[in-house]
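# A structural walkthrough
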Amino acid sequence: MISRIVVIPTRRAHSNHAEVSRSIGVDIIAGRYAEGVRLPGDAELTAMFGVSRPVLRESVKTLVAKGLLTTKARVGTVVRGRAAWNMFDADVLAWHLDAGIDRRFLNDLAEIRLAVEPRAAALAARRRSEEDIAELRRSMDRMRQETSESVDFAEADLALHLAVARASGNPFMRSIGHVIEAALRTAFMLSAPAGSEDREITLLWHQKIVDSIAEGDADAAAEAMAFVIHNGMRRHKGTAAETAPAAPAEPGEHP
C-alpha cells in the first residue's frame with residue numbers, strides 16, 4: 001500500500017491515446033496494477049476507456065517505451081518493476097504527482113539530488129558569471145520576502161536551485177533540473193521550514209550557497225548544497241540530519 005503524502009493534479013492529456021496512457025500509468029504508479037500483474041485484455045480495456053483498439057495499442061506502446069509495461073507473446077501486457085521505469089520521463093514524473101507521492105519517492109529524489117546538486121554548486125563557483133550571481137541573489141531575496149509556507153517561497157527556492165544548475169555551465173545538469181522541476185517544486189512545498197528558527201537555518205544555508213558561489217569557493221558551495229538537501233530530508237522524516245555539517249556563524253563566512 002502506498003502511503004500518500006500529497007497529490008498534485010497535472011494538466012489533462014489532449015489526445016485519447018495520451019489520456020489512456022496517463023490513466024493506466026497513474027494506476028500502475030499508485031499500485032492498482034502491481035508489478036508482474038497482467039493488464040486486462042484489449043476488449044475489456046477498450047470498453048473501459050471507450051476507445052478503439054488502435055488507440056489502446058498506441059497507449060500501450062507509449063507505456064512500454066516509458067518502461068512501465070512489457071508485452072509478451074501468449075502472455076499479454078505485464079506491469080514491469082519500478083526499477084525499469086524511466087523516472088526522468090516528464091510524463092512518468094507527472095503521473096507520480098497525480099498518484100500521490102510518498103516518502104520513498106521523496107527519498108529517491110533527494111538521493112539523486114545529492115549525487116548532482118553539490119557538484120553543480122561546486123562547478124558554479126568556478127564558472128559563474130555576474131549575471132548568474134545576480135540571478136542567485138534575486139532568488140535569495142525572494143525567499144526572504146515570502147512566508148515559509150507559501151507557494152511563492154517554494155517557487156523562489158526552486159528558482160535558486162535551477163539558477164545554480166545553469167551557473168554550473170553543464171548542459172546535463174541544467175537538463176536534469178528542468179526535467180524534475182515539478183517534482184522539486186512539490187518537494188520544496190512539503191519541506192517548507194516550520195517555525196522561525198527552522199526558517200533562519202534554511203535561509204542561512206541557502207545564502208551560504210549563493211555567497212560561496214559568488215566567492216568562487218567550490219568546496220563551501222558543495223557543502224552548503226548538501227546541507228540544504230539533508231535538511232529537507234530531515235523535515236520529510238521528522239528526524240535530525242545526522243550527516244549535515246554544523247551551521248556557520250554568519251552567512252557568507254566559511255566554517
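No experiment lies behind these values; they were computed from the predicted model shown. (Residues numbered from 1 in each chain as written. Predicted model: local features only at pLDDT ≥ 70, side-chain atom pairs only at ≥ 80, totals over all residues. Heavy atoms only, no water.)

### Things to note about the nonpolar core
Using the following cut-off: The definition of a nonpolar core used throughout is a set of buried Ala, Val, Leu, Ile, Met, Phe, Trp, Tyr and Cys residues joined through side-chain atoms within 4.5 Å. Relative accessibility thresholds used throughout: buried, under 20% of the residue-type maximum; exposed, over 50%; partly exposed, between the two (1.4 Å probe, protein chains only). In DSSP terms, a helix is any run of H or I states spanning at least four residues, a strand is any run of E spanning at least two, and both are numbered starting from the N terminus. By the convention used here, residues are in contact when the closest approach between their heavy atoms is within 4.5 Å.
Counting residues in each nonpolar core, the largest one holds 33 residues, and the members touching the most others are Leu136, Met143, Leu160, Val164, Ile209 and Ile213. Elements supplying a minimum of two residues to this core: α5 (103–127), α6 (130–145), α7 (151–167), α10 (196–215) and α11 (218–237). Among the elements that take part in this core, α11 stands out by supplying 9 residues, more than any other. Setting aside residues no more than four positions away along its own chain, Val164 makes contact with Ala120, Ala121, Ala124, Leu136, Ile209, Ile213 and Met225. Formed by 21 residues, the second largest nonpolar core is a distinct cluster that contains Val20, Tyr33, Leu39 and Trp85.

### Regarding empty space enclosed by the protein
To keep things clear, this is the line we draw: Cavities and pockets are defined on a 1 Å grid built over the protein atoms alone: a cavity is a set of grid points where a 1.4 Å probe fits but cannot escape, while a pocket is an open set with protein on both sides within 12 Å along at least five of seven lines, and lining residues are those with an atom within 4 Å of any such point. Grid points are joined across faces, edges and corners, and a volume is the space filled by probe spheres set on the points.
Applying the stated criterion across every chain, the model contains 2 cavities of 30 Å³ or more. Volume-wise, the largest cavity comes out at about 190 Å³. In terms of lining residues, the largest cavity is bounded by 23 residues, among which Phe188, Ser191, Val228, Gly232 and Arg235 are the most central. Only α5, α7, α9 (181–190), α10 and α11 provide two or more residues apiece to the lining of the largest cavity. Considering every element that reaches the lining of the largest cavity, the biggest residue donor is α11, with 8 residues. Approximately 140 Å³ is the volume found for the second largest cavity. In terms of lining residues, the second largest cavity is bounded by 14 residues, among which Val116, Glu117, Ala165, Met173 and Gly177 are the most central. Counting residues per element, the ones that place at least two in the lining of the second largest cavity are α5, α7 and α8 (171–179).

### Describing the pattern of salt bridges
The test is simple: For this analysis, a salt bridge means a side-chain nitrogen from Lys or Arg found within 4 Å of a carboxyl oxygen belonging to Asp or Glu.
This structure, assessed with the given rule, holds 14 salt bridges. Close ionic contact of Asp42 with Arg53 constitutes a salt bridge, the shortest N to O distance being 3.5 Å. Linking Asp42 in helix α2 (residues 42–49) with Arg53 in helix α3 (residues 53–65), this pair joins segments that are 11 residues apart in sequence. Since its relative accessible area comes to 39%, Arg53 is described here as partly exposed. The shortest N-O distance in the salt bridge between Glu155 and Arg185 comes to 2.6 Å. With a gap of 30 residues between them, Glu155 in helix α7 and Arg185 in helix α9 connect regions that are remote in the sequence. Exposure remark for Arg185: the relative accessible area of 22% places this residue in the partly exposed category.

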